[in-house]
Amino acid sequence: MALTQAQLDKFHEDGFLIVEDVFDKKDVEAARIEMEKIFYGTSFEDYLAKSDATGKAESTDPTSTAAVPHYGETKHGRAQFPTGIDALDRLIENEDYLDMYEQCLGTPDMSYCNGHLFLRSGPTDKRHAEHPWQGYHIDHATNCFLPPSQEVDLYNYVNSCVYLHDVEDDGAPMQIIPRTHRQIIDLLPRLIEEGNWTGMGGINDIREIPEFCAPVATTAKAGSVRFNSSYGVHAAIPFKNKRRQRGYWTLSLCRGDSSQFTKLSNLWRERDFSIPFWQKTTPRVRALFGWPKPGHSYYTPETVESLAHWYPEMDLEPYQKAMEA
Ligand SMILES: O=C(O)CCC(=O)C(=O)O
Ligand SMILES: [Fe+2]
């Protein structure tokens with residue numbers, strides 16, 4: 001299942017796109033259950049019941065621990081990709097999703113920047129600004145040390161999230177301002193001059209920018225995917241219903257040709273998690289993490305033999321076959 005031309009045009013025009021039914025509802029349900037275990041040590045339902053009984057909601061925010069900056073670990077598990085849980089990690093192998101990602105990035109040569117579980121939990125959530133005109137920003141600096149370019153499609157990267165459950169209006173849907181991914185580069189000098197640009201991506205007050213159109217709430221059903229440009233302006237809003245949670249499985253990929261300056265971490269430095277994951281996944285997914293694709297001249301009888309020692313559980317046949325072809 002690929003994006004239609006109309007969907008792809010919409011992605012390029014608005015800077016984001018929501019596609020329904022990319023993931024099987026059962027897979028997403030299994031992923032949500034595992035996600036809740038990581039953040040709550042139990043289900044969200046039990047967590048709510050316990051909070052009701054004790055009158056106290058425990059914070060679910062992970063603390064960052066590793067040498068590589070990443071989203072971190074909770075008391076119960078790891079929110080950063082790979083989590084070590086198949087139901088979550090292997091969502092990345094969805095071929096339709098990867099095909100759509102290639103379309104959004106305009107190349108089959110894609111490279112991993114970052115991935116994590118992003119949970120906002122109604123009872124304790126504070127990840128939003130006070131007023132609706134505040135908190136807007138672009139995420140680009142999370143993975144890239146270069147400011148935005150006019151050549152949006154070459155130098156932005158694409159964030160995505162899989163909706164692990166339905167997100168409705170009362171569940172703090174992320175707000176995105178359509179078309180800003182192409183506006184921000186031209187507006188930057190003025191925003192800086194007017195003191196309406198903070199740090200490497202924040203806007204103090206969107207009311208001062210009449211060029212912007214109205215923000216859109218990115219509500220969607222479980223199993224949907226949202227793709228959005230790293231140059232797009234967006235913000236978090238509070239939960240209207242604090243008994244809701246919002247759990248996304250997120251991934252950021254960039255074009256291979258910009259991956260030298262657009263990346264967060266090299267998973268090789270997190271071997272406890274990267275080795276088990278790489279052993280089990282596909283050549284297509286391994287390539288997102290910098291692995292040469294089957295047919296690359298790196299693969300010789302000697303290197304394939306060594307790989308078999310380093311990664312005894314990896315299926316090396318695709319590399320072997322391409323080498324012999
Ligand atoms: O939670 C949201 O709706 C948006 C959060 C966000 O923009 C961010 O964490 O960068
Ligand atoms: Fe953001």
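Residue numbers run consecutively from 1 along every chain, following the written order of its sequence. To label them, take the chains in the order written and letter them from A, then take the ligands in the order written and number them from 1. Local features in this predicted model are restricted to residues whose pLDDT is 70 or higher, and side-chain atom pairs enter the listing and the counts only when it is 80 or higher, whereas totals over whole chains, interfaces and linings include all residues.

1. Topic: unusual backbone geometry
Peptide bonds are trans in most cases, and residues, glycine excluded, mostly fall at negative phi. Cis geometry is found at the peptide bond from phenylalanine 81 to proline 82, where omega equals -10°. Checked against the element boundaries, proline 82 lands in the loop between α3 (44-54) and α4 (86-89). Residue arginine 179 is not a glycine yet carries a positive backbone phi of 75°. The residue arginine 179 is located in the loop between β4 (175-176) and α7 (180-193) in this model. Working definition: helices are DSSP H or I runs of at least four residues, strands are E runs of at least two. Numbering for both runs from the N terminus.

2. Let's talk about the site of ligand 1
Near ligand 1 you find Arg120, Arg127, Asp139, Ala172, Met174, His234 and Ala236, and these make up its full shell. Tallied by class, residues from the shell around ligand 1 come to 3 nonpolar, 1 polar and 3 charged. Only the C-beta atom matters for nearness: placed from the backbone, it must lie within 6 Å of the molecule or strand for the residue to count as near. Gly falls in the polar group here, along with every residue not listed as nonpolar (Ala, Val, Leu, Ile, Met, Phe, Trp, Tyr, Cys, Pro) or charged (Asp, Glu, Lys, Arg).

3. Section: the sheet that holds strand β9 (residues 234-235)
Taken together, 3 strands build an open sheet; the order of strands is β7-β4-β9 and the sheet is antiparallel. Since the sheet does not close on itself, it has two edges, and those belong to β7 (216-217) and β9, each with one partner. DSSP-based pairing: two strands are paired if at least 2 bridges between them are found. Bridge count for β4 against β9 is 2 bridges, and the pairing is antiparallel. What sits directly across from glutamine 175, in β9, is alanine 235.

4. Quick look at α7
At 3.6 residues per turn, the α-helix brings residues three or four places apart onto the same side. Given the number of residues in a helix, its expected span is that number minus one, multiplied by 1.5 Å. End to end, α7 covers 19 Å across 14 residues, agreeing with the expected 20 Å (1.5 Å per residue, within 8%). Along its length, α7 shows its largest kink, about 55°, at leucine 187, and proline proline 189 lies within four residues downstream of that point. Those residues of α7 not exposed but buried are Thr180, His181 and Ile184. Glycine 195 sits one or two positions beyond α7 and adopts a positive phi of about 70°. A residue's bend is the angle separating two fitted axes: one through the seven residues that end there, the other through the seven that start there. We call a residue exposed when 12 or fewer other C-beta atoms sit within 10 Å of its C-beta, buried when the count reaches 20 or more, and partly exposed for counts in between; the C-beta positions come from the backbone.

5. A few points about the nonpolar core
What makes a nonpolar core is a set of buried Ala, Val, Leu, Ile, Met, Phe, Trp, Tyr and Cys residues, with links drawn between C-beta atoms within 7 Å. Grouped together as the largest cluster of nonpolar side chains are 60 residues, with contacts concentrated most on Val162, Leu164, Trp249 and Leu253. Considering every element that reaches this core, the biggest residue donor is helix α2 (residues 25-40), with 6 residues. Setting aside chain neighbours within four positions, we find tryptophan 249 in contact with Ala31, Leu88, Leu91, Leu117, Cys161, Val162 and Leu164. Residues are scored as being in contact if the C-beta atoms we place from backbone atoms lie within 7 Å.

6. Observations concerning the sheet that holds strand β8 (residues 225-229)
The sheet built from 5 strands is open, its strands ordered β1-β8-β3-β10-β2 with antiparallel pairing. The open sheet has two free edges, formed respectively by β1 (16-19) and β2 (110-121), since each of these has just one partner strand. Averaged over all pairs of adjacent strands, the angle between their axes in this sheet comes to 20°, without regard to strand direction. In this analysis an axis means a line fitted to C-alpha atoms, helices contributing only their contacting stretch, and an angle means the value between N-to-C directions, from 0 to 180 degrees.

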